[in-house]
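# Per-entry structural report
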Amino acid sequence: MAMLWLLVLIVFYHGTSSNGVVTNVSNRPDVVNVGAILSHLSIIGKVAKVAIEAAVEDVNSDPDVLAGTKINLTMQDSNYSGFLGIVEALQFMEKDTVAIIGPQLSVTAHVISHIANELQVPLLSYSATDPTLSPLQFPFFVRTAQSDLFQMAAIAEIVDYYGWKEVIAVYVDDDHGRNGIAALGDKLAERRCKISFKAPMPAEVNRDQITDVLVKVALSESRIIVLHTYAGSGPDVIKVAESLGMMGVGYVWIATNWLSTNLDTDPQLTSDATENFEGIITLRMYTPDSELKRKFVSRWSNLSSGKSINGAFGLSTYGLYAYDTVWLLAHAIDAFFNQGGIISFSNDSRLTELKGGSMNLDALSIFNGGNLLLKNILQVNMTGVTGSINFTSDRNFIHPAFEVINVIGVGYRRIGYWSNYSGLSVLPPEILYTKPPNRSSANQRLNSVIWPGQTTDRPRGWAFPNNGRQLRIGVPKRVSYLEIVSQVEGTDTFKGYCIDVFTAAVNLLPYAVPYKLVPFGDGRNNPSDTELVRLITTGVYDAAIGDIAIITNRTRMVDFTQPYIESGLVVVAPVRKSNSSAWAFLRPFTPGLWCVTAIFFLIVGVVVWILEHRINDDFRGPPKKQVVTVLWFSLSTLFFAHKQNTISTLGRLVLIIWLFVVLIINSSYTASLTSILTVQQLSSPVKGIETLISSNDPIGHQQGSFARDYLVEELGIRESRLIPLNSPEEYARALKDGPHGGGVAAVVDERAYVDLFLSTRCEFSIIGQQFTKAGWGFAFPRDSPLAVDMSTAILRLSESGDLQRMHDKWLTRSACTQQGTKLEVDRLQLKSFWGLFVTCGFACLLALCIYLILMLRQFSRHSEELEPSGRSSGSGRVQTFLTFIDEKEEDVKSSSKRRHMEKASIRSTGEDESSHSYSSKRRHMEANSIKSLDISNEV
């Protein structure tokens, strides 16, 4: 900042100027001073000059705009010089200028904006598109065109749309170029793309300098080139690229809007020089079609006639934005006066302290109404020739949009649009504004493009650089398992399964790949594949092939191809044959399962006995007989040979469920016992990785393998337990010695190595299941397009069967066959049948509950018959209940029937005696009555 102000102070010149405070006492003066800084002879400047003059004339001729006040426009020609632009800005500050249109260049805008901030004079630039001209740093700078931030967002979306991942940036090395390319890098990063090479050029570049830059570009891998420069130097870059053969097939050139500006402005260029531009994609700031725009375009030929010694020139979008800038300022000034604003200036106290010097710094005055005018500028809402003009909170126009143009032949055609609202589309943005925003990839679309070299095929976007350098591909120099990869003695060539796969995949690529295989390792120990991968990130190798497992920490460093073989970690341990014994029939079930099965046999027998005891004679008798019956019945169900019939519904329900359980257990036992007795069994004290984790025995692993890090970091095994082994012979020796003889309990290694190891060693075997899932792939630098193409080639090898044939050639061995042999099977455990036992137990419990409820109801009725008064004690009732349920149901019913008959008989006898007494009494009374009559007669 200090250097910047030093530059400003240096350009102050000595001269007379107005002094004191200048105040216009009139609310609306007759004239308002406005300055403009531009390069009159530049491609942008000559168009802007005509447009600004036309706009001032239109504003001054319309009394409704400023109510009689005129704009007094003073133009200064900076003549491509940033220095002159600064001097001219200072001159405007001495003349009570309320606003400055310009500057044209972003470089100049950075410096003048500091002066504008201090003196509170708004700057309105239609062409300084540097995105770092922030309102936070430069509050009095107002951009009246589209920011390069949106142009770079459009380019990033185009790159992503065509599936490219890397671009080369060729740009002018100043604020405009550097900051624009920085914005491009940020937008590409959002889409997981990047700038692989930056090629800056001087602002005033010559052909030799351009050649030097483009030669470096040609030596790079990427073929997607973004050219961000000025309209003056851009065509020279394209001409040099054409002479270097960089405009042919395979190249993609994306030019920022400098090219569309050239095509719009220079008719001579469009007819004579566009052949050099053929196939280039460029952008143009989008201005919707409108009546205002059509009228202004129709006036352009008259407005520009005679304005240039080089002949007529066309109207670019910069001219449209320059025209609207004047109208924007006019509306803001009108609002300024309507709000009571007064054009007045005051001395800057900090500059007054320097009064008396030779530079006359006190001549610069602060515009007192600067903040109010700036506020009104930002609040303008109007429709101009460029469309709707309305600022957002960050001082950008609403709905920024660009046209995407493809230069073809002697002209160009629009292939689509980009807008910040909906991305890439073939429909005009104003149509999409009426619909909900849709940025999905399926909704992004552009029309077909004719690329450099007159091809319509999408370029792949990269090529091997033309520097004569071959790809350095690292290959592990193994000392064991040479079938996988090995170096041929005395030569620089390699052989093995991995080499065959890589060679076959490269041969399927649609282009040649110059490469050289470079050995990695000392030849005495197997090298670390992780270290080989790391060397790709440092640039030692361009790629790596071999037995490289795709694991998490490696994917953070490089990109892998599609796996060409699956190879997870397994456990290898010694095994021995299991000899048959007299108790082999007990081996199918674990002790727990045997115990639970036996208990359920007894439970079911007891339950069925309870349910059948009162109604079934087969389940009655002396206690000894009943115990034998329960045991015999329950055990005979194992063979479905039970002779006792079940009568009760509940008993049959329990028995059906139990017989189903017995069927399943019986079938499982038979199958397991058959396997044990008919197939040779192998046993090992190691049952899998869980056994190794819980023990303290040493574990072997291959030298250089990722298995060591996995065991330590993921499974928590102490590093002191791990023994590195280099060859299959060391594997076998360590396993035979065992953990107590200086060897290892087991070896943990990848499945591909283990299959080769076991092909000739039947005394060892894989124990348990593969406990990781991984595969081998070829490693390339991050975002390498070659990794994608190689993955496609590997898939083609897999689909054609060639990959399997190469696997069979190198990795399939049959020296040791183990047909009919397998590891000792796991014994059937209780957890495999717990569902059956729970179901059966629940059925038994449910049946007993229902039976108990029924018995209680019957006992209640029975008790009322025996003891109507219910005076028996609790213990007596329990004893009576137990006696009741032990009695046969028929006997209980017979006893109940007899009691009912006896009660009926007693009631009948009582009624007879009562009737006989009444008859006797009546006869006695009748006899007495007759006797009295006789006596009376006698008397």
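Residues numbered from 1 in each chain as written. Predicted model: local features only at pLDDT ≥ 70, side-chain atom pairs only at ≥ 80, totals over all residues. Heavy atoms only, no water.

A word on the overall build of the chain. Looking only at helices and strands, the chain features 31 helices and 34 strands. Within the chain, buried positions represent 49% of all 939 residues. Nonlocal contacts in the chain, meaning residues at least 24 apart in sequence, comprise 74% of its contacts between residues at least 6 apart. Carbon and sulfur atoms make up 54% of the accessible area of the chain, which amounts to about 44900 Å² in all. (Helix = DSSP H or I, 4+ residues; strand = E, 2+ residues; numbered from the N terminus. Buried < 20%, exposed > 50% of the residue type's maximum accessible area, 1.4 Å probe, protein only. Contact = heavy atoms within 4.5 Å. Areas by Shrake-Rupley, 256 points an atom, 1.4 Å probe, with all protein chains shown as cover.)

Okay, the sheet that holds strand β1 (residues 31-38) next. Paired through their backbone hydrogen bonds, the strands of a sheet run either parallel or antiparallel. Pairing in this open sheet of 5 strands is parallel, and the strands run β2-β1-β3-β4-β5 from one edge to the other. Looking at which strands have only one partner, the edges of the open sheet turn out to be β2 (70-77) and β5 (141-143). Between one strand and the next, the sheet's axes are offset by a mean angle of 25 degrees, whatever the strand orientation. Where β1 lies against strand β3 (residues 99-101), 3 bridges are found, and the strand directions are parallel. (Pairing = 2+ DSSP bridges. Axes fitted to C-alpha atoms, helices over the stretch in contact; angles between N-to-C directions.)

Next up on the list: the confidence of the model for the chain. Per-residue pLDDT for the chain has a mean of 83; in total, 82% of the residues score no lower than 70. Contacts from residues 1-26, a stretch scored under 50 in pLDDT, to residues over four places away or in other chains number 44 contacts. Counted against residues more than four places away or in other chains, residues 817-825, with its pLDDT under 50, gives 28 contacts. (pLDDT = per-residue confidence, 0-100.)

It is worth spelling out the packing of aromatic side chains at this point. For the structure on display, the rule yields 31 aromatic pairs. Centroid distance Tyr321 to Phe397: 6.2 Å. Interplanar angle 15 degrees. Geometry classified as stacked. Of the two residues, Tyr321 sits in helix α13 (residues 317-338) while Phe397 sits in the loop between β14 (387-389) and β15 (401-408), which places them 76 residues apart along the sequence. Given a relative accessible area of 3%, Tyr321 falls into the buried group. In this structure an aromatic cluster arises from ring pairing among Tyr481, Tyr731, Tyr753, Phe757, Phe764 and Trp776. In this arrangement the basic side chain of Arg460 is found over the ring face of Trp462, its NZ or CZ atom lying 4.9 Å from the centre. Positioned over the ring face of Tyr511 is Arg460, at 3.8 Å from the centre of the ring. (Phe/Tyr/Trp six-rings, centres within 6.5 Å; stacked < 30°, edge-to-face > 60°. Lys NZ or Arg CZ within 6 Å of the ring centre and 35° of its normal.)

Moving on, we come to helix α15 (residues 370-378). Taken residue by residue, α15 has Gly370, Leu373, Leu374, Asn376 and Ile377 as its buried positions. Considered in projection along α15, the buried side chains sweep an arc of 165 degrees and stay on one side of the axis. (Arc of directions from axis to C-beta.)

Our focus in this paragraph is the UniProt feature "transmembrane region" (unreviewed entry) in the chain. Within the UniProt annotation, "transmembrane region" (unreviewed entry) is assigned to residues 591-611, 653-677 and 833-854. Structurally, residues 591-611 comprises 100% helix and 0% strand, and the distance from its first C-alpha atom to its last is 30 Å. Between the first and last C-alpha atoms of residues 833-854 the distance is 32 Å; the span itself is 95% helix and 0% strand. (UniProt positions renumbered as here; feature names shortened; annotations may be inferred.)

Here we come to the nonpolar core. Ranked by internal contacts, the top residues of the largest apolar core, which has 112 residues, are Val98, Tyr126, Phe296 and Trp300. At 14 residues, α13 tops the list of elements feeding residues into this core. What Phe296 contacts, discounting residues up to four positions off in sequence, is Ala51, Ala54, Leu303, Leu315, Leu320, Tyr323 and Val385. Of all hydrophobic cores here, the second largest spans 73 residues; its members include Ile499, Ala504, Ala787 and Leu811. (Core = buried A, V, L, I, M, F, W, Y, C linked by side-chain atoms within 4.5 Å.)

This part takes up the pattern of salt bridges. This model, assessed by the stated rule, comprises 26 salt bridges. Across the salt bridge formed by Asp334 and Arg28, the nearest N and O atoms sit 2.8 Å from each other. Highlighted residues: Asp334 in helix α13 and Arg28 in the loop between α1 (2-11) and β1, separated in sequence by 306 residues. Asp334 gets classed as buried once you look at its relative accessible area, which sits at 16%. We classify Arg28 as partly exposed; its relative accessible area is 22%. With a closest N to O distance of 3.2 Å, Arg178 and Asp175 form a salt bridge. Taken together, the residues Arg178 and Asp175, both in helix α7 (residues 175-190) and 3 residues apart, mark about one turn of the helix. Taking the relative accessible area as the measure of exposure, Arg178 reaches 37% and is therefore partly exposed. Here the salt bridges share partners, and the residues they tie into one network are Glu157, Asp160, Arg191 and Arg439. (Salt bridge = Lys/Arg side-chain N within 4 Å of Asp/Glu carboxyl O.)

Let's shift gears to the side chain of Ser113. Within the secondary structure layout, Ser113 lies in helix α5 (residues 106-119). What makes Ser113 buried here is its relative accessible area of 1%. Those residues in contact with Ser113 that sit more than four places away from it in its chain are Leu123, Phe138 and Phe141.

This part covers the side chain of Ser127. Examined against the element boundaries, Ser127 turns out to sit in the loop between β4 (123-125) and β5. Note on Ser127: relative accessible area 7%, which makes it buried. Here the side chain of Ser127 touches Gln104 through a polar contact of 2.7 Å, landing on its backbone oxygen. Look past the residues within four positions of Ser127 in its chain and what remains in contact with it is Ile44, Pro103, Gln104 and Tyr318. (Polar contact = N/O pair within 3.5 Å; in protein donor to acceptor, adjacent residues only side chain to side chain.)

Bringing the pairing of strand β8 (residues 224-228) into the picture now. Put simply, side chains in a regular strand alternate between the two faces of the sheet. Counting buried positions over the 5 residues of β8 gives 5, a clear majority of the element. Of the two faces of β8, the one carrying Ile224, Val226 and His228 and the one carrying Ile225 and Leu227 are both buried. By the bridge criterion, 4 bridges tie β8 to strand β9 (residues 252-255) in an arrangement that is parallel. Bridge pairing in β9 links Ile225 to Trp253. For the crossover from β8 across helix α9 (residues 234-243) to β9, the handedness is right-handed. (Right-handed = clockwise from strand over helix to strand, strands pointing away.)

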